[in-house]
Amino acid sequence: MPEISQLLPLIPALPLAAAMLTAVLGPRLLRKQSHWPTVLALALSCTASLMLLCKVHREAGQEEYERSGYEKIVTLYTWANVDEAYESDLRLRSPEGTVVISQGRKPLENGRLRQQSPEGATVNSRRDDSNKDSLATAAPLGLYNSEVIPFQGFTSLANDCRPEGTKKQGATIKNFRIEIALRADPLTAVMLAVITFVSTLVAIYSIGYMHGDPGYWRFFSYISLFVFSMTMLVSASNFLLLYVFWEAVGLCSYLLIGFWCEKPAAAAAGMKAFLVNRIGDFGFALGIFLIWTTFGTLDFHDSTAMGVLGKMRLASPEPIVNGAVGTAICLLLLLGACGKSAQFPLHVWLPDAMEGPTPVSALIHAATMVTAGVYMLARCMPLFAASPFALHAVAVVGGLTALIGAVVAITQTDLKRILAYSTISHLGYMFLAMGAGTVLGVTAGMFHLVTHAFFKALLFLAAGSVMHAMGGVIDIRRFGGLRRIMPVTHWTFLIGGLAMVGMIPFAGFYSKDAILLAVAEKFSFGNHVDLVYQTLYWTTFGGIFLIAVYTFRPFLLTFYGKDTVIPPEAGHHAHESPLSMTGPLVILALGAAFLGLYLEKTGGLAEFLAGTPSVAYLNRYPLAPEPSHETLESLHSSIGRQSTVMVAAGILFTIFLYAGSRRRLADRLAGPMKRLGLYQLSFGKLFFDPLYRLFVVRPLELFAQACAWFDNRFIDGSVNLVGILPKLLGAALRPLQGGLIQFYALAMILGVLIFLGVLLL
Amino acid sequence: MSPEIALLNNYLIVGAILFGLGLIGFMSRRNMIVMFLAAEMMLQGVSLSLVAWSRFRNDFGGQMLVIFIIAVAACEAAIALGLVTTLFQRSGRLDIADWHALREANQPAFVDEPISEETSTEEPLPTLARAGVAPQVPPVKTDYRPNV
Amino acid sequence: MTYQTVLQLLPEILLVAFAVAIYVGSAFSDAQRGWNRAALAGVVLAACALATVHYHPAGGYPLFQDGLALFARWMALALAALYILLSFKPLPGGGTPEMFGSLLLIVAGVMLAAAAADLVLIFVSLELISIPTYILLYLGRRDALQQESAAKYFYLSVLSSAILLYGFSFLYGLAGSTDLHNIHDVFLDAGGLPQGFELFAKLAAVLAIAGLSFRLTAVPFHFYAPDVYQGTTHANAALLSVIPKLAGLAVLVRIAWWAMPDGGHLALGIVAALAVLSMTLGNVLALWQDNLRRLMAYSSIAHAGYLLLGLAAALAMRNIQPGAWDGIGAMMFYLCVYAAATIGTFAVFEHLGGSTRRVEGIDELAGLGREKPTVAAMLAAFMFSLTGIPILAGFWGKFQIFGSALSVASDAETAFLRPLFIALAVVGVLNAAVSAAYYLRIVGAMYFRAPLGKFRAEGGTGALLAAALCCLLVLGLGLYPRPLLRASDRARPQLEIVGQVSNLSHPK
């Protein structure tokens, strides 16, 4: 079995190779066979991920990692390293260094040095060489002594809010390394396995779904590029690298949302996703800057300096960073996570992103990319653990988003948009779990991330199958009774739906209950009553009912009904999808059905994830005393019972409203809702878009117009003026080049004479 | 000033004069062969000062350099002759100023303005008539200066 | 002359032997093909011989074996290989063997010049570069413009040789020896210069720098460059824009920086002035050019300015402080990346031309991006690299140069030079911005204009291969500059030379 250091780089490398191969060969050579590189690379990558998972699982189980957690760093390439130069500089100026210098060199007047003896010469040259080597490595980034001085200000600032034990590290704050370092730890291994597995299935599904599209090769090239970026994102061991690939997945998302860019809605949606994400990324970048100024490093792991989330730092029970700086970092990171994971108030881009091809929605906008925010929060949990306010903020954002998504999803008529809002809502649940700031919360959130990846990808792909059959129609009011012509899609959708609503024993049940447990644990024990978590708990508990409604409403409308209703656009497509599409559906359905049960009963995932250094830290230094196992278990089972009742009620209510001929009941119920304005509120997506347009976009547009006017009138004028100066100077000098040799000779001699004159006079 | 240094000074001054004359010749003459000869004169000036230094320093390195200079100058003379010959074959003239087609795009071409021969304004002194018949000298074409 | 000396000289000896063989062989054969392979074989053999030459950081007579010598010799061989590829197709008008023979001689001259530790050897090796260059300029095309460019180069080069020699004569007079080590010692000894000899030191510095500046195409010794480049072939222009620069820089470092330790303050002002003048004049005049070779000539002048900026930094800070940047290493690095981009550019032009027609104006490149995307992409990469856009090698070059200037400005020992070097760096950066205008004009013509006619691209695959290699270099060094940075950093000659080291290697 290959080593981790061999497997880990392979996982992103294969999709990258596939992306480049497809981009180069796709348009001319591969054409309709463009899916092969991608499918093969993803399948291999998936195999490698699963092997990595096994390997990490085996190694993390060893006793030595029990307390501090397991991590393995694979440094592929150090791009720039100022640290070495700085250290060699220190070495030179150390007392020992001066001894060497005084032996080898005798200082002469005005700074000249001369070698005195052959022995001295050898000592000197060897030392010089080693010094030069490190200088050479330092040179590309050009930070030398004087330039790093400004950081000392930050050092003192950082020292103030850091615990005593780490203050001595202030000396190494001048290091600046750009390292392409990948990490293998349980968190990364799980993410990699999920990403590559789902993306492999989605790639296979796309063979059928994208068949005949003019941009066939482009699609697969983008998908591979996305998988490369996403795997790099989760395996990066450095905030800078994380940010780079954070942007890279954003770029892939933009490209794929606007895949059919000739469609104005798709182009606009791509733009919107990109712009909204920019707000989050801006916060994320600021957070990274703040981390750099506070810690002096961006590495997660310990390298030459103590990493931000390295074992050395996490070994201390003290909070990593206290006070306002800590809270600011956490809130900025949260802003970044909100952008990528479509959380309130930056959730507005995700529903529009459904303009992209359905496999993209399934892969990027449901299963993988949007969970990057959750991953980042899990990774940075030790930072958040120090700031109760930030944890509250995460929990509130999550809870609020969960509710907003659920409320809006109830009345939508676009099948994919319903699923998009459900994604938003579920991501909200995950954020809520992260907001608990406990091991229970983090593992529950990750658990839900895994099961959600399966059932939401399944639902999207099933919706895509419906859409494929209906000739691109996605409005649930325009078709019905499809279970007769699309049995596989129907059954897999049902399994996905049951998993999503959290019906026992499907996957969602266990992960959702784990989240509820994690939140309940925050206020059920001990004497401190945390109202925030209590409110959130009951809100989201109520949300379960809504989930059931918004899941089964489209399901019933699509697949049930007395007659089979097919829109005219469907044409001859109205039949079950090909095997390449149904195959992945079935595999995902198996996962959605049994994965939760398996992971819950073996208890493996939570235990495994607890071996991540960031999570192990929470385990070692919990925020509050942990309740006993028995009390937790009883709470867990009571939550399970209550939520099952809730789900069952929701499903029955929906069936009562929509099944069979009683569909009018729903309309009758909608009447008073409309009168109250609640229906419009939900249908209008809580009017976020118009509000944003009115209060954010319009003022900005006006400001931009004013700026443009000023820019055109004044700035451009002056810039053009400056730009024309060199040209005028050139014109003035051109006559010098008249072509006569004698003149050239004269100019040379004059040059010599002028230099001589200046020197001699 | 010791006699050695005085001698050195004299040699150096002569060398500098040779170099300067060569320089002026290089810049003022338009005949390609004469230009090259002027450059050679500069090299002779250099050679002279090298030899002077060599004698002053009692070191033969300078004289060695002079021998190399002479050898290289001979090479260059061969190349120069070949070059001048081909250039002459193309233009039919030895004037270096003919060769200025390569220049900045918008610059006017160099126009050779004929310089009229100097004539004295004073009355010529009366001379005795010579015996015999004066030969008929053909008039000189003056579109260029034949004796540059 | 010992056996060791012969071994050290073996690469040059091999090159000259091959050149002579090619010259003589061509007298008995009318063949135009095959000579390129012979020349390539010579270069490869010379490289093998060079691989046996050991690195020795200090001393050496008559040849240095230090980093600068080895760096320049390897670089010269690499350039030779590129040129042979670039001109792989036989010349249309005959004279192919002579061309390759001259090329080998020129390369041998450059290698000698970089390693020479004696004024006589320096002079001879510089002439070994010049004389074959005259022949090379004369070969190729036989039209009036080519002949004019050969004549211009010849006369001005002779003049510059004379000026350089005059400077050498004073250098010799000061030291009483042609050995650079002795000259170095004379300058180094406190009060070593006899009374009244400062005049000669100044004369020597000015004249030597002036003579070498001709080879660097530094303003005001640059005038020949635009005319000569425009008149000659692409291959010759590529040669002229890099090879004399390499030799001139190496000799300049040896003489102005290494052999005249106290000459630093003499040379610094001149070099700084040359740098500013070259950068500015080269860039502003390049803005007006339509002829590609003329444009590249001005670009070459401008880049000479950047190179001299590195030399100025080295002159200002002879004892490199730990953590500071070395101007000489920066210069050598810059020269490498400049050479890669420039040769690549000319290789692309050569490739695009036909056997009867050359690419002349920028307009002829219009629409290249659509017609020949690969070639256009390579040319764009070269242009971006010459501009100094990040991730391409040119960026690191500019970065190193400006970094070395700024590290002088930030050093406490050279604090009195801070305004000068900050000003130099600012002028350099402004010039880099100006240069973007004309480089991007070429890129713009390729990508944003409709093609005027069909691209013949009959320049042969050799030129294409040379361009591809250069492109690989430009990209590779941009992404992974460290190996070259390390090598160029070692190119800084050691200063700690004392009498006994040179005595050891001296016959006296």
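Before reading on, note that the structure itself is shown above.
Residues numbered from 1 in each chain as written. Chains lettered and ligands numbered in written order. Predicted model: local features only at pLDDT ≥ 70, side-chain atom pairs only at ≥ 80, totals over all residues. Heavy atoms only, no water.

Now for the overall build of chain B. Across its full length, chain B carries 3 helices and 0 strands. Sorting the 148 residues of chain B into buried and exposed places 33% on the buried side. A sequence separation of at least 24 residues applies to 58% of the contacts in chain B between residues at least 6 apart. (Helix = DSSP H or I, 4+ residues; strand = E, 2+ residues; numbered from the N terminus. Buried < 20%, exposed > 50% of the residue type's maximum accessible area, 1.4 Å probe, protein only. Contact = heavy atoms within 4.5 Å.)

Turning next to the overall build of chain A. Within chain A, the regular secondary structure consists of 31 helices and 4 strands. Of all 761 residues assigned to chain A, the portion counted as buried reaches 58%. Within chain A, contacts between residues at least 6 apart in sequence are counted, and of these 81% link residues at least 24 apart. Of the roughly 30000 Å² that chain A leaves accessible, carbon and sulfur atoms contribute 68%. (Areas by Shrake-Rupley, 256 points an atom, 1.4 Å probe, with all protein chains shown as cover.)

Right, let's talk about the nonpolar core for a bit. Tyr83(C), Tyr155(C), Ile255(C), Leu365(C), Leu379(C) and Phe421(C) are the most contacted members of the largest nonpolar core, which has 255 residues in total. Non-local contacts of Ile255(C), meaning those with residues more than four positions away in its chain, are made with Leu119(C), Ile122(C), Phe168(C), Leu171(C), Leu180(C), Ala208(C) and Met260(C). In this structure, Leu52(A), Val374(A), Ile544(A) and Leu657(A) belong to the second largest nonpolar core, which totals 206 residues. (Core = buried A, V, L, I, M, F, W, Y, C linked by side-chain atoms within 4.5 Å.)

Quick look at the interface of chain A and chain B now. When the parts of a complex come together, some accessible area is lost, and that lost area is often taken as the interface size. Each side of the interface is counted separately: chain A has 12 residues, and chain B has 17 residues. With both chains or domains summed, chain A and chain B bury close to 1200 Å², and 66% of this area falls on carbon and sulfur atoms. On the chain A side of the contact with chain B, Arg734(A), Leu740(A) and Gln742(A) bury the most area, a combined 47% of that side's loss. Here chain A is connected to chain B by 1 salt bridge. Close ionic contact of Arg734(A) with Glu104(B) constitutes a salt bridge, the shortest N to O distance being 2.6 Å. Residue classes in the side of chain A that touches chain B are distributed as 7 nonpolar, 4 polar and 1 charged. (Buried area = accessible area lost by both parts, 1.4 Å probe. Salt bridge = Lys/Arg side-chain N within 4 Å of Asp/Glu carboxyl O. Nonpolar A, V, L, I, M, F, W, Y, C, P; charged D, E, K, R; others polar.)

Turning to its location among the elements, Ser49(B) is positioned in helix α2 (residues 32–57). By relative accessible area, Ser49(B) is classed as buried at 1%. Only 3.1 Å separates the side chain of Ser49(B) from the backbone oxygen of Val46(B), close enough to count as a polar contact. Those residues in contact with Ser49(B), other than ones at most four positions away along the chain, are Leu12(B), Tyr166(C) and Ser169(C). (Polar contact = N/O pair within 3.5 Å; in protein donor to acceptor, adjacent residues only side chain to side chain.)

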